[in-house]
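# Residue-level structure breakdown
This is what each chain is made of:
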Amino acid sequence: MKINAINNTNFKGLFTNKSTNNNWRMEYSPYSWEQNNTSKMAPKQKLDIYASKLADNEEIYTVETYPNLRSSSKDIFGTESYFEDNVTGKIRKTITEVPAMNREDSLMVLNKKLARFLGMKEKEMSLIKNDVELIKPSTIKSEDRFKKFYSDAEEGYFSRTYSLSTSHGTMKEEFDNVRNNVVNLYNKFNNYVQLRDSADNVKKQISLNESEVNQLKKLRASNQLIDISRRDIYDPNKALWDALQNIKAAANKFVCLPHKIISVEEILKAVGLKVKSSEIPQEAIKYVDVLIKKSI
């Protein structure tokens, strides 16, 4: 399929634009835990700015009306994964799924996205603050106009500046405006609180992810890490199987699953008392598969 490349060829999170020489190629590298710990691409999910978590395959879907009627699907970094030109009928939806990231790389990419997600929340909170600041003068203005027309309506027939119908209509208009301001303020307050709380949760998740990445780096550097976090490869448990051929040497190591880190010691405690030593590797693999499948 021939089109003009939409983005430069560079890494922008999970989606990577590899379009070259007018050839469309959009690659997708899943998180290790994606699609129920299978390391496979999850369906796109609309980005919710009020959510405390970011979907694995987040989507910002837009429809442009100028210069053409064009539908577009982008991730949080703005990388366009597919589009449809509703005027020319041109569609580009092909996404090439490439090998998944291990958990360490997944966490680093996720944190880049969470930082952008946090920025979106902070910008939205700033907009809400600006809107709220406009409510007070609008309410005061309505109050003053209400009092003015109320006082005029109380005057005698020959002393009134406005007709009763004009005064009553204006008072109702200003009353409605104040009521709408109160409802608007209530809604914006709730939105702000939801954004603030979810932003705090995102900050906490970023911190936890950073701590785990540092732990993984140290374990990997000291040869204490058994990484089986990628599940899209042939025999994904091979590294653990090989390590458990020498249980004594593996006992102080840690296993990186798609969704968490677990110590070999914990695995041995779960299976070691029930089976013969020769059966431990096989039973350990079974135990780990259950943890992965159930996200325990």
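Because the structure is a prediction, the values reported are computed rather than measured.

What counts and how
- Residues numbered from 1 in each chain as written.
- Predicted model: local features only at pLDDT ≥ 70, side-chain atom pairs only at ≥ 80, totals over all residues.
- Heavy atoms only, no water.
- Phe/Tyr/Trp six-rings, centres within 6.5 Å; stacked < 30°, edge-to-face > 60°.
- Buried < 20%, exposed > 50% of the residue type's maximum accessible area, 1.4 Å probe, protein only.
- Helix = DSSP H or I, 4+ residues; strand = E, 2+ residues; numbered from the N terminus.
- Polar contact = N/O pair within 3.5 Å; in protein donor to acceptor, adjacent residues only side chain to side chain.
- Contact = heavy atoms within 4.5 Å.
- Pairing = 2+ DSSP bridges.
- Expected span 1.5 Å × (residues − 1).
- Core = buried A, V, L, I, M, F, W, Y, C linked by side-chain atoms within 4.5 Å.

This next bit is on the packing of aromatic side chains. In total, this model carries 2 aromatic pairs according to the counting rule given. Taking 4.7 Å as the distance between ring centres and 15° as the angle between the ring planes, the aromatic pair formed by Tyr31 and Trp33 counts as stacked. Each member of the pair, Tyr31 together with Trp33, is buried. Taking 6.4 Å as the distance between ring centres and 5° as the angle between the ring planes, the aromatic pair formed by Phe146 and Tyr150 counts as stacked. Taken together, the positions of Phe146 and Tyr150, both in helix α2 (residues 103-154) and 4 residues apart, correspond to about one turn of that helix.

Turning to the environment of Glu210, a few remarks are in order. Tracing the chain through its elements places Glu210 in helix α3 (residues 164-221). As a C-alpha pair, Glu210 and Lys248 span 38 residues in sequence and 30 Å in three-dimensional space.

Here Glu58 shows up in strand β5 (residues 58-64). We classify Glu58 as buried; its relative accessible area is 1%. Within the structure, Glu58 has its side chain in polar contact with the backbone nitrogen of Ile76 (distance 2.9 Å). Separated by 2.9 Å, the side chains of Glu58 and Lys113 make a polar contact. When neighbours within four sequence positions are excluded, Glu58 is seen to be in contact with Gln45, Leu47, Lys74, Asp75, Ile76 and Lys113.

In this section: the pairing of β5. Pairing of strand β4 (residues 45-46) with β5, which is carried by 2 bridges, proceeds in the parallel orientation. Paired with Lys46 across the two strands is Glu59, which belongs to β5. The sheet contact formed by β5 and strand β6 (residues 70-74) spans 5 bridges and is antiparallel. Within β6, the position partnered with Val63 by the bridge is Ser71. Between β5 and β6, which pair antiparallel one after the other, the connecting turn spans 5 residues.

Moving on, we come to helix α7 (residues 280-294). With 15 residues, α7 should reach 21 Å at 1.5 Å per residue; the first-to-last C-alpha distance of 21 Å fits that figure. Packed against the buried residues of α7 are α1 (34-37), α4 (238-243), α5 (247-250), β12 (261-263) and α6 (264-271). Ser295 sits one or two residues past α7 and shows a positive phi near 55°.

Below, the discussion takes up the nonpolar core. One broad trend across soluble globular proteins is that nonpolar side chains are buried collectively. In terms of nonpolar packing, the biggest core is built from 26 residues, with Tyr31, Leu54, Ile76, Leu114, Phe117, Val202 and Leu216 touching the most fellow members. For this core, the secondary-structure elements that each account for two or more residues are α2 and α3. Setting aside its immediate chain neighbours within four residues, Ile76 contacts Leu47, Leu54, Glu58, Ile60, Lys113, Arg116, Phe117 and Met120. The next biggest cluster of nonpolar side chains, apart from the first, holds 19 residues, and it includes Ala243, Ile267, Leu268 and Val271.

This paragraph deals with the pairing of β6. Across the 5 residues of β6, 4 count as buried, placing the element largely inside the fold. Where β6 meets strand β7 (residues 80-85), 5 bridges bridge the pair, whose relative direction is antiparallel. Along β7, the bridge assignment pairs Lys74 with Glu80. From the end of β6 to the start of β7, which pair antiparallel, there are 5 residues, and Gly78 there has a positive phi angle of about 90°.

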